[in-house]
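# A structural walkthrough
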Amino acid sequence: MSLFLAVLAAINALFATTYHRMFNLGSAYWNVAISTALTVVFLILSAFLVVAPGTNQVKTVFGTVDPKPLEAGVHLVNPLADFVEYDLRQQTTTLEDVTLQTQDRLSSTVDISVTLSAKAPTTPAMYVDSGTLPQAMDKHVTPALRSIIREVGRTVPEAQQLVNADVQARVQDEIENKLNEYLSDKGFVVHAVMLRDIELPQEVKQAVIQAVQRKEQIEREKAQLKIVEQQAQQQVVQAQAAEQAAIATANAVRTKADAEAYRILTEAKATADGNKEIAKSLTNELVNYTEATKWNGVLPSTALTGTMPILNVK
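The model shown is predicted, which means the values in this text are computed figures rather than measured ones.

Quick look at the packing of aromatic side chains now. Using the criterion set out here, one finds zero aromatic pairs in the structure. The ring of Y182 has K186 sitting right over it, with the charged end atom 4.5 Å from the ring centre.

What follows is about the sheet that holds strand 7 (residues 107-118). The strand order across the open sheet formed by three strands is 6-7-8, and the pairing between neighbours is antiparallel. The sheet terminates laterally at strand 6 (91-101) and strand 8 (188-199), the two strands that pair on one side only. For this sheet the average axis-to-axis angle between neighbouring strands, irrespective of direction, equals 25°. Taken together, the nine bridges between strand 7 and strand 8 define a ladder with antiparallel strand orientation. Its bridge partner lying in strand 8, L116 is registered against V190. The sheet contacts of helix 4 (residues 133-153) involve strand 6, strand 7 and strand 8, and relative to strand 6 the element is tilted by about 35°.

Within the largest apolar cluster, 35 residues are counted, with the highest numbers of intra-cluster contacts made by I112, L145, I175, L179 and F188. Of all the elements in the fold, those that place two or more residues in this core are strand 5 (82-87), strand 6, strand 7, helix 4, helix 5 (165-183) and strand 8. Ignoring any residue separated from it by four or fewer positions in sequence, one finds L145 in contact with L95, I112, V114, I175 and L179.

Within the secondary structure layout, N56 lies in strand 2 (residues 55-61). With a relative accessible area of 2%, N56 lands in the buried category. Separated by 3.1 Å, the side chain of N56 and the backbone oxygen of A120 make a polar contact. Among the polar contacts made by the side chain of N56, one reaches the side chain of T123 at a distance of 3.1 Å. With residues near it in sequence (within four places) discarded, N56 still touches V51, P69, L70, E71, V84, E85, Y86, L88, A120 and T123.

The rules behind these values
Position numbers for residues count from 1 along each chain, tracking the sequence in the order it is written. Local features in a predicted model are, by the rule used here, given only for residues with pLDDT of at least 70; side-chain atom pairs are given and counted only at 80 or more, and totals for whole chains, interfaces and linings are based on all residues. Side-chain descriptors were evaluated using all non-hydrogen atoms of the structure, hydrogens and water having been removed beforehand. Here a Phe, Tyr or Trp ring, Trp counted by its six-membered ring, pairs with any other such ring whose centre lies within 6.5 Å, and the pair is stacked when the planes are under 30 degrees apart, edge-to-face when over 60, and tilted otherwise. When the NZ atom of lysine or the CZ atom of arginine is within 6 Å of a ring's centre and also within 35 degrees of its normal, the charge is said to sit over that ring. DSSP bridges decide pairing: two strands pair if at least two such bridges lie between them. Strands here mean DSSP runs of E at least two residues long; helices mean DSSP runs of H or I at least four residues long; both are numbered from the N terminus. In this description, a line fitted to the C-alpha atoms serves as the axis of each element, helices being fitted only across the stretch in contact, and the angle between N-to-C directions of two axes falls anywhere from 0 to 180 degrees. Contacts are assigned to residue pairs with any non-hydrogen atoms lying within 4.5 Å of each other. The nonpolar core is taken to be a set of buried Ala, Val, Leu, Ile, Met, Phe, Trp, Tyr and Cys residues, with the residues joined through side-chain atoms within 4.5 Å. Between buried and exposed lies partly exposed: a residue is buried under 20% and exposed over 50% of the maximum accessible area for its type, with that area taken using a 1.4 Å probe on protein chains only. For this analysis, a polar contact is any N or O atom pair within 3.5 Å, provided that within protein one partner can donate a hydrogen and the other can accept it, and provided that sequence-adjacent residues contribute only side-chain to side-chain pairs.

This is how it looks when you write it as structure tokens:
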């Protein structure tokens, strides 16, 4: 307001002097009239205030704060009032190299980003309690964030667990919830908390590297063992296949031998049966007849009798 009055007085003096020189006005009456007219014009122009989107403004008149902030838009205001603008849009503040000590008393460093915004209805109270928005953030957000980080860090058993995604998510959620709880009546809403660039103690980093190397070695050994098992299974399958093939070959040979034996037995039996039938049909008469049919008419002689044997044909 004081700045406005000073500017107004300077402009009035400038215009009054200019008009006095231009129109050679010597009467004090005209000087007062011109100054008054210019004052009225500037008062009318200054009675309108445009509040930008995403912001509101807190009005103060002679040290008294209006509890109702001015929202975005055009407002008719008291030209003697002062206004403080508050950005209501989400903004991110980052703390770098914040110490986070875990239960094992090892200290890690992290960068932590907090996305938050001011609550529109509470900006007059924020102005009374803490001042402008940057002043309120310096007064409430930064100290609370450092304190809550120390508190939540003590819930993590070991520093090396901070590299675990699930542990990081839990720590972020706890910090966000506790920060929201603290800043709620201070006029802020916390939208997100993000941990970045976690730097573990040197001894922990070395242990983590060794653990990762051991895990990779175990995975390689598991892969090699799996290959050996697969090869062994293939050999078992091949042996089983060879065994089945040998069994099949033996069965085929046995079947062939059985068939050959059956053929021989069948032929032998048939021959034997034929011989039996032939034997049954042989009689003395048939034998003598067969011998007679084979005689060529020559009578054999003997050295002793000289007589010819008599063939008994009946």
